Amino acid sequence: MKPNHKRLSIKWRLFIYLSIFVAATLLLLWLFQVVLLDSFYKAIKVENIKFSADNIAKNIDDTNTNLQELVKKIAQNNDMCIIVADETGKWLYSAEVMPGCTIHRMSLREFFSFVEHAQSKGGTYLEQSKIGNMKGEYHNNNNDRFSRIIHPPDRGMVESIIYTKLVTQKDGTKIVILLNAIITPVNATVQTIRVQLIFVTIIMLAFALILALIISRKISKPIIKINNSSKELATGNYNVHFDSSGYKEIGELGETLNYAADELSKTENLRKELIANISHDLRTPLTLITGYTEIMRDLPGENTPENLQIVIDEAKRLQTLVNDMLDISKLRSGVNELNISEYNLTESVRNILKRYAKLIEQNGYTIKYIYDSDVIVKADEIKISQVIYNLMNNAITYTGKDKLVIVCQSIESGKVKLEIIDTGEGIPQNKLKDIWERYYKVDKEHIRAQIGTGLGLSIVKTILEMHNAPYGVQSDIGQGSIFWFELETK
Ligand code: ADP
């Protein structure tokens, strides 16, 4: 088999997948860290300021809370300036953490304008504006009320958010909460992150390549090993061993291939045996036939019915042998389809057993058929008859000195069970599984079967499996064997 050069190796495929993963991760990072950072930051700041205002509003009526402390704490933690004032603009609580905060330098007029806006907007008002950078430049002389406006000079624009919230106290008086936060420009940060991300991209890609190399080596090593063993198997070396160490899937594949190699080697051994057996089986009757016919041709006195019978018997034996081989190859190749019909199984068995009458008469065999009533089944009559013939032939061949074979038919819960019982040597437990295999013979030196090709039970198995019929064998050494199968009754 030629290797397929058009396909990508695991290494490159993995590298591509990992690169896609890295690219997607970095893209997300770019998106969040660079493109959306500014708007995220603003949104968080706005949320923060609103949350802080709500927090103060919640505690405004609570006499247990030290509001000045709370306002200070919130201002410090969130880096924002806070003023809580009454309606007239008088500061009740104030916290100034940013130098140059806008609300602490607001004129009374501006204060009222914020209050008005808040009133018209249902109690809250958010204003976002660009202002000059006022770091530490200005002082408000008056530190308990809004006095005068002081505009700082324009030293780089910063964005400022002022949030106004109106709260009505229990006694009806109105309180104004003003919060002010500065949005620090993120441009410099974004620039830094951008450079960092370029480095990260290069490092991650190199890392992906190294990782792809390591992983692919780890993954492909056992695959390459199995591939090499498979190539050997393909050349006919069935003793090859597949390494089933490594990860689970490869382990399972290795085990499956070991099993397959084992089975192939078994079949190969059986095939070799069969050729030896069959050539022996074919040669014996052929030698007898040529021998006897030559004697009968050359010596007229030898032309006796007995000698002719030997020729006929041997020819029949050859015929059975050839038929068996043809049957099994046809069954296995699936050429033979089932021809299902309803028929009387009991009658069919009776007819089959009649054919053994001569055997009973001449060789002293006893064949008993035990049954209660006739039973109708739906099956392929010819094939099931072949099953019975094969089992009967085996039983007759292998039964004990009493030459007894019993066929027992029993019906139970919609099924008919046919048992073919002999009183022979039995089959060792460890061979019970193998006897159903093609060309298998338990004892090669065993008395020669009447029709012994080692194919009989394999034909039985194939036919019964085609019918989905349960079958099996029970055997005790020295006691005999019971071969059985079941069919659905009509
Ligand atoms: P064969 O043509 O050799 O009988 P089978 O496939 O019919 O081939 O049987 C396979 C082997 O199983 C036989 O060679 C025999 O060793 C064993 N066997 C089959 N039936 C019996 C039986 N009734 N008693 C003992 N051994 C049996």
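Residues numbered from 1 in each chain as written. Predicted model: local features only at pLDDT ≥ 70, side-chain atom pairs only at ≥ 80, totals over all residues. Heavy atoms only, no water.

Colleague: Give a description of helix H10 (residues 381-398) that names residues and reports values.
Modeller: The first and last C-alpha atoms of H10 sit 26 Å apart over 18 residues, in line with the 26 Å expected at 1.5 Å per residue. Among the 18 residues that make up H10, 15 are buried, leaving the element largely enclosed by the rest of the structure. Where H10 begins, the capping side chain belongs to Asp380, and its oxygen is found 3.2 Å from the backbone nitrogen of Ile382. (Helix = DSSP H or I, 4+ residues; strand = E, 2+ residues; numbered from the N terminus. Expected span 1.5 Å × (residues − 1). Buried < 20%, exposed > 50% of the residue type's maximum accessible area, 1.4 Å probe, protein only. Polar contact = N/O pair within 3.5 Å; in protein donor to acceptor, adjacent residues only side chain to side chain.)

Colleague: Tell me about the sheet that holds strand E7 (residues 366-370), and please be specific about residues and values.
Modeller: Taken in spatial order, the 5 strands line up as E7-E9-E10-E12-E11 in an open sheet, and their pairing is mixed. If you trace the sheet from one side to the other, it starts and ends with E7 and strand E11 (471-476), each paired once. Here the strands of the sheet are splayed against their neighbours by 15 degrees on average, with no regard to which way each runs. One ladder, built from 5 bridges, connects E7 with strand E9 (residues 404-412); its direction is parallel. Bridging across to E9, Lys368 finds its partner in Ile406. (Pairing = 2+ DSSP bridges. Axes fitted to C-alpha atoms, helices over the stretch in contact; angles between N-to-C directions.)

Colleague: How would you explain the side chain of Glu314 if you had to name every residue and give the values?
Modeller: Turning to its location among the elements, Glu314 is positioned in helix H7 (residues 305-333). Judged by its relative accessible area of 9%, Glu314 falls in the buried class. Leave out the neighbours within four places in its chain, and Glu314 touches Pro285, Leu288 and Ile289. (Contact = heavy atoms within 4.5 Å.)

Colleague: Describe a positive patch on the surface, listing the residues and the values that go with them.
Modeller: A cluster of basic side chains, namely Lys11, Arg217, Lys218 and Lys221, defines a positive patch on the protein surface. The element best represented in the positive patch is helix H5 (residues 187-234), accounting for 3 residues. Within the secondary structure, Arg217 sits in helix H5. Classification of Arg217 as exposed rests on a relative accessible area of 60%. (Patch = residues over 30% accessible without salt bridge, like charges linked within 9 Å, V, L, I, M, F, W, Y side chains within 5 Å. Areas by Shrake-Rupley, 256 points an atom, 1.4 Å probe, with all protein chains shown as cover. Salt bridge = Lys/Arg side-chain N within 4 Å of Asp/Glu carboxyl O. Lys, Arg positive; Asp, Glu negative; His and termini not counted. Charge placed at Lys NZ, Arg CZ, Asp CG, Glu CD.)

Colleague: If you had to explain the pattern of salt bridges to someone new, which residues and values would you point to?
Modeller: One pass over the structure, following the stated rule, counts 11 salt bridges. The closest approach of N and O atoms between Asp38 and Lys42, which form a salt bridge, is 3.5 Å. In this pair, Asp38 and Lys42 both sit in helix H2 (residues 37-59), 4 residues apart, roughly one turn of the helix. Across the pair Lys461 and Glu437 runs a salt bridge, and its minimum N-O distance is 3.8 Å. A residue pair is termed long-range when its members are at least 10 positions apart, and Lys461 in helix H11 (residues 456-466) and Glu437 in the loop between strand E10 (415-422) and H11 qualify at 24 residues. Take Lys461: its relative accessible area is 17%, and that puts it in the buried class.

Colleague: I'd like a description of the nonpolar core, backed by residues and values.
Modeller: Judged by nonpolar contacts, the single largest core of 43 residues is most densely connected at Leu345, Tyr356, Ile384, Ile388, Met392, Phe485 and Leu487. By residue number, the principal contributor to this core is H10, which donates 8 residues. Within the second largest apolar cluster, 23 residues are counted, among which are Ile60, Leu67, Leu70 and Ile177. (Core = buried A, V, L, I, M, F, W, Y, C linked by side-chain atoms within 4.5 Å.)

Colleague: Tell me about the packing of helix H1 (residues 10-35) against H5, and name the residues and values.
Modeller: For any two helices packed against each other, the geometry is given by the interaxial angle and the distance between the axes. In contact at an axis separation of 8 Å, H1 and H5 are set at 160 degrees when each is read in the N-to-C sense. Classed by the angle they form, the pair H1 and H5 counts as roughly antiparallel. Here the hand of the crossing between H1 and H5 comes out right-handed. Its residues assigned to classes, the contact of H1 with H5 comprises 25 nonpolar, 5 polar and 2 charged. (Parallel < 35°, antiparallel > 145°, perpendicular 65-115°, else oblique. Left-handed = near helix turned anticlockwise from the far one by under 90°. Nonpolar A, V, L, I, M, F, W, Y, C, P; charged D, E, K, R; others polar.)

Colleague: Summarise the pairing of strand E12 (residues 480-488); cite the residues concerned and give the values.
Modeller: Extensive coverage of E12 is indicated by the burial of 7 of its 9 residues. With 6 bridges joining them, E11 and E12 adopt antiparallel strand pairing. When the bridges of E12 are listed, Tyr471 appears paired with Phe485. The turn linking E11 back onto E12 is made up of 3 residues, and Gly478 within it adopts a positive phi angle of 85 degrees.

Colleague: Could you give an account of the packing of aromatic side chains, with specific residues and numbers?
Modeller: The full count for this structure, using the stated rule, is 8 aromatic pairs. Arranged with centres 5.7 Å apart and planes meeting at 45 degrees, the rings of Phe32 and Phe40 form a pair that is tilted. A relative accessible area of 40% places Phe32 in the partly exposed class. Plain terms: the ring middles of Trp436 and Phe483 are 5.8 Å apart, the flat faces sit at 65 degrees to each other, and that makes the pair edge-to-face. Of this pair, Trp436 sits in the loop between E10 and H11 while Phe483 is found in strand E12, placing the two residues 47 residues apart along the sequence. Taking relative accessible area as the criterion, Trp436 reaches 9% and is therefore assigned buried. Using a relative accessible area of 7% as the deciding quantity, one classes Phe483 as buried. Each member of the aromatic cluster is reached from another via a ring pair, and the members are Trp436, Tyr471 and Phe483. (Phe/Tyr/Trp six-rings, centres within 6.5 Å; stacked < 30°, edge-to-face > 60°.)

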